[in-house]
Amino acid sequence: METEEIKLKTGFNVEELRKDFPILERLINGKPLVYLDNAATSQKPRAVINSHIDFYLHHNANVHRGVYQLSTESSDAYEQARDKIRKFINAPDSREIIYTSGTTESINLVTYTFGRKIIKEGDEIIVSTMEHHANIVPWQILCEEKNAKLKVIPINEKGELLMDEYVKLINENTKIVSIVHISNSLGTINPIKEIIEIAHKRNIPVLVDGAQAVPHMKIDIQDLDCDFYAFSGHKMFGPTGIGILYGKTKHLEMMPPYQTGGDMIRHVSFEKTSFNEIPTKFEAGTPNISGAIGLGIAVDYLSKLDYKKLHEHEKDLLEYATEEMEKIQGLQIIGTAKEKASVISFIIKGLNVMDIGIILDTAGVAVRTGQHCTEPLMDRFCIPGTVRASFAFYNTKEEIDIFIEALNKAISMLK
Amino acid sequence: MSKQIEEIENEIVDEFSFFDDWTDKYQYLIELGQKQNGFPKEKMTEGYRIKGCMSSVWVVPEFKDGKIYFKSDSDSIIVKGLIALLIRVLSGQTPEEIINARLDFIEKIGLKKHLAQQRTNGLSAMIKQIKMYALAYKLKTEVGKTK
């Protein structure tokens with residue numbers, strides 16, 4: 001596929017990297033945008049944006065269907081992207097990389113196929129208190145359908161999993177553990193490898209919700225040895241509407257299809273239909289071709305970055321922001337785990353979180369306010385919601401200064 | 001006779017036209033919210049609560065001499081300010097007038113874009129609830145007349 005030369009920067013220089021993200025130059029309410037809602041979605045580098053344009057300008061055709069050149073180009077790019085993603089997370093086989101619309105669909109796919117097949121009456125599924133609704137509700141529905149039970153690993157005040165309780169929850173009825181890698185609301189990095197090892201000792205498969213982890217750390221599927229790993233393109237600087245489900249071949253092969261239609265079949269007659277091999281078995285209909293290619297470009301972009309420096313930078317941002325926020329009277333950080341990604345949830349005594357978010361917006365600062373799709377977690381802390389500032393590698397200390405100043409102004413206005 | 005809904009809406013639009021930026025608009029709403037008191041504490045119950053993801057609103061109607069009077073509260077001071085405006089427009093009007101009120105002022109002062117379209121803050125739900133109360137009183141009155 002002949003694409004225009006995409007300039008990829010090596011190393012790690014924040015000011016240089018920021019230039020790759022055109023939206024960061026925007027003004028909001030006359031002020032420079034300070035985008036601190038990266039846990040909701042990340043911004044896209046020019047290379048990803050250009051890949052969309054390039055695809056529709058030069059290569060658009062359906063995949064796996066045509067014998068003509070355009071279709072071959074499109075199919076090649078679509079499959080090449082799959083292999084880039086495989087390499088990026090160090091999965092053994094690109095057939096184990098399934099394109100979905102995002103983490104939510106990835107989890108739903110597993111619940112409706114794998115879950116439905118293995119869960120029987122009286123079985124138990126383990127999740128944790130800090131799960132996103134997308135990793136609660138599909139399992140809950142399955143439990144209702146099968147008369148199975150959802151078991152929940154509790155957390156401590158800091159927002160860390162109680163590992164002893166986790167071990168106690170496991171018994172002969174446990175059939176699946178489905179757990180978040182990094183909490184979207186608290187930033188807690190869970191000891192995922194240990195969680196997997198504990199489950200595997202009892203031959204229990206583990207699904208990891210990696211939506212928040214992939215943008216912040218190198219994921220090594222073979223090292224983790226998880227059974228399923230779900231993540232979204234849009235949180236890792238790729239396009240919206242594309243995501244990945246990694247699954248071990250042995251599981252994927254025994255799973256029935258999730259949706260049925262074109263491309264996922266081998267042979268169809270009115271009497272009987274046989275299905276295609278993995279991963280195509282799970283990709284019914286025309287897929288999000290430009291999304292998949294764009295995600296491949298996002299992976300190219302991330303692969304060129306120095307992850308060690310990226311990690312150090314995000315850690316600096318987290319420490320600096322935490323320090324500055326702790327100086328604010330009445331501010332309480334929700335989620336103070338020892339192992340934490342660059343996400344800070346907080347409340348301010350006597351103030352409504354939405355009010356804070358609205359006033360921050362007048363200063364050009366974008367944060368998320370509310371329950372962050374983790375209502376049970378908010379109930380655990382007995383709070384209606386939080387303000388959440390989440391940082392990406394392109395954020396700077398100067399932006400944190402603007403955020404803190406705006407936050408102080410908001411407090412003085414609202415009190 | 002009470003002022004027409006449209007007349008009050010125009011007054012509010014005029015008041016907001018003096019503000020240059022969003023900070024000033026919100027400052028004004030916050031002041032309105034802070035001034036709004038007197039919501040009966042015993043009515044702050046689930047039954048009167050309109051729950052949003054980010055804020056909750058409580059609305060209590062009172063029907064007197066063919067008109068409806070509203071009292072309201074919120075845990076968001078900005079929403080409370082906005083409610084103060086809504087109450088200024090709708091409280092003391094007849095059910096018919098409330099049902100038909102277009103409430104264009106929310107859009108004209110630029111707040112629709114910022115607030116009312118968010119499903120999360122309970123504001124749209126509150127307007128709907130106010131209109132439901134008006135509809136209920138209207139039906140009740142009509143049934144009373146035919147008896």
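Thresholds, definitions, all that
Residues numbered from 1 in each chain as written. Chains lettered and ligands numbered in written order. Predicted model: local features only at pLDDT ≥ 70, side-chain atom pairs only at ≥ 80, totals over all residues. Helix = DSSP H or I, 4+ residues; strand = E, 2+ residues; numbered from the N terminus. Rg over C-alpha atoms; globule rule 2.2 N^0.38 Å. Buried ≥ 20, exposed ≤ 12 C-beta atoms within 10 Å, placed from the backbone. Contact = placed C-beta atoms within 7 Å. Axes fitted to C-alpha atoms, helices over the stretch in contact; angles between N-to-C directions. Parallel < 35°, antiparallel > 145°, perpendicular 65-115°, else oblique. Left-handed = near helix turned anticlockwise from the far one by under 90°. Pairing = 2+ DSSP bridges. Domains from an automatic or database assignment. Nonpolar A, V, L, I, M, F, W, Y, C, P; charged D, E, K, R; others polar.

## Let's talk about the overall build of chain A
Here is step 1: Each helix and strand counted, chain A has 14 helices and 17 strands in total.
Here is step 2: Against the compact-globule benchmark of 22 Å for 415 residues, chain A has a radius of gyration of 22 Å, which places it among compact chains.
Here is step 3: Each principal axis of the C-alpha atoms in chain A carries an extent, and together these give about 70 × 55 × 35 Å.
Here is step 4: When the 415 residues of chain A are sorted by exposure, 51% land in the buried category.
Here is step 5: Nonlocal contacts in chain A, meaning residues at least 24 apart in sequence, comprise 71% of its contacts between residues at least 6 apart.

## As for the packing of helix α12 (residues 353-362) of chain A against helix α14 (residues 397-414) of chain A
Residue and element names in this part refer to chain A.
Here is step 1: Closest axis-to-axis distance for the α12/α14 pair is 9 Å, and the angle between their directions is 125°. In terms of axis orientation, α12 runs oblique to α14. In the crossing of α12 with α14, the sense of the turn from one axis to the other is right-handed. When α12 is examined against α14, the residues Asp 355, Ile 356, Ile 359 and Leu 360 are found in contact with a partner set consisting of Ala 406, Leu 407, Ala 410, Met 413 and Leu 414.

## Side note on the sheet that holds strand β3 (residues 67-74) of chain B
Residues and elements named next belong to chain B.
Here is step 1: The three strands are arranged β1-β2-β3 in an open sheet whose pairing can be described as antiparallel. Only two strands of the sheet have a single partner each, and these edge strands are β1 (49-51) and β3. This sheet shows a mean twist of 25° between the axes of neighbouring strands, independent of strand direction.
Here is step 2: As paired elements, β1 and strand β2 (residues 56-64) share three bridges and run antiparallel to each other. Considered in β2, the bridge of Lys 51 is made with Ser 56.

## Considerations on the domain arrangement of chain A
Residue and element names in this part refer to chain A.
Here is step 1: According to the domain assignment, chain A consists of domain 1 (53-303) and domain 2 (306-414).
Here is step 2: Once you take the C-alpha centre of each, domain 1 and domain 2 turn out to be 29 Å apart.
Here is step 3: With 20 residues of domain 1 at the interface, the matching set in domain 2 holds 22 residues.
Here is step 4: A class-by-class count of the residues in the side of domain 1 that touches domain 2 yields six nonpolar, eleven polar and three charged.

## Topic: the interface of chain A and chain B
Here is step 1: Chain A puts 14 residues into the contact, and the matching count from chain B is 14 residues.
Here is step 2: Taken together, the elements giving at least two residues each to the side of chain A that touches chain B come down to α12, β16 (368-370) and α14 of chain A.
Here is step 3: Examining the composition of the side of chain A that touches chain B, we find that six residues originate from one element, α12(A), more than from any other.
Here is step 4: Its residues assigned to classes, the side of chain A that touches chain B shows six nonpolar, seven polar and one charged.

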